[in-house]
Amino acid sequence: MRIALGTLLCTLVLTASGGAGSWTDDGADVEKELKKFAASTVGEVMTSDCPKVASTDTVERVATVMHDEGVSHVPVVDGDRVVGMVARGDLVRHLADTT
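The shown structure was predicted, so the numbers you read here are calculated from the model rather than taken from an experiment.

Considerations on the nonpolar core
As a rule of thumb, nonpolar side chains are buried together in soluble globular proteins. In this structure, Val53, Val62, Val65, Met66, Val74, Val76, Val86 and Leu91 together form the largest nonpolar core, which totals 8 residues. Secondary structure elements with two or more residues in this core: helix 3 (59-69) and strand 5 (73-78). When residues of this core are assigned to their parent elements, the largest contribution, 3 residues, is made by helix 3. Excluding anything up to four places from it in sequence, Val65 contacts Pro51, Val53, Gly70 and Val74.

In structure tokens form, the structure reads like this:
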């Protein structure tokens with residue numbers, strides 16, 4: 001959890017054992033890093049080696065790929081051409097619409 005107190009930023013840090021701590025910053029370093037990040041190109045931050053599915057794959061196959069690869073979005077390809085994107089929410093909506 002991140003709390004802004006004027007120009008002071010506080011981040012709540014929780015551990016798996018239930019411990020807690022916090023980290024504070026005057027905002028200068030955070031603002032500098034955010035500006036640096038915002039100036040980055042998509043190519044610098046994207047994942048290029050990601051799982052893909054074909055438009056002819058079944059919904060079961062897509063769900064399996066998402067689960068096994070730990071991703072919530074998967075590009076849909078026909079050959080080498082990206083033709084769309086399927087998200088976990090798309091699968092949930094499809095399930096809701098068909099049951």
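Continuing now.
Some words on the pattern of salt bridges
Pairing is possible between side chains that carry opposite charge, provided their charged atoms lie close to one another. Going through the model one piece at a time under the given rule, you end up with 2 salt bridges. With a shortest N-O distance of 3.9 Å, Arg61 and Asp57 are connected by a salt bridge. Classification of Asp57 as partly exposed rests on a relative accessible area of 27%. Arg93 is paired through a salt bridge with Asp90; the nearest N and O atoms lie 2.8 Å apart. In this pair, Arg93 and Asp90 are both assigned in helix 4 (residues 88-98), 3 residues apart and thus about one turn of the helix distant. When its relative accessible area of 30% is taken as the criterion, Asp90 is described as partly exposed.

Here we look at the sheet that holds strand 6 (residues 81-87)
Taken together, 3 strands build an open sheet; the order of strands is 4-5-6 and the sheet is mixed. The sheet terminates laterally at strand 4 (53-54) and strand 6, the two strands that pair on one side only. As judged from the 2 bridges shared by strand 4 and strand 5, these two strands associate in the parallel manner. The partner of Ala54 across the bridge, within strand 5, is Val77.

A word on the pairing of strand 5
Note that strand 5 and strand 6 share 6 bridges and pair antiparallel. Each residue of the ladder has a partner; that of Asp78, found in strand 6, is Arg81. Hairpin connection between strand 5 and strand 6: a loop of 2 residues separates the two successive antiparallel strands, and Gly79 in this loop has a positive phi of roughly 65°.

With respect to the confidence of the model for the chain
Regions with low pLDDT carry predicted coordinates that are not meant to be interpreted in detail. Mean pLDDT over the chain works out to 78, with 70% of the residues at or above the 70 mark. Per-element confidence in the chain ranges from a low mean pLDDT of 45 for strand 1 (residues 2-5) to a high of 95 for helix 3. Note on residues 1-8: pLDDT is under 50 here. Beyond four places in sequence and across chains, it has 18 contacts.

Analysis parameters
Residues numbered from 1 in each chain as written. Predicted model: local features only at pLDDT ≥ 70, side-chain atom pairs only at ≥ 80, totals over all residues. Heavy atoms only, no water. Core = buried A, V, L, I, M, F, W, Y, C linked by side-chain atoms within 4.5 Å. Buried < 20%, exposed > 50% of the residue type's maximum accessible area, 1.4 Å probe, protein only. Helix = DSSP H or I, 4+ residues; strand = E, 2+ residues; numbered from the N terminus. Contact = heavy atoms within 4.5 Å. Salt bridge = Lys/Arg side-chain N within 4 Å of Asp/Glu carboxyl O. Pairing = 2+ DSSP bridges. pLDDT = per-residue confidence, 0-100.

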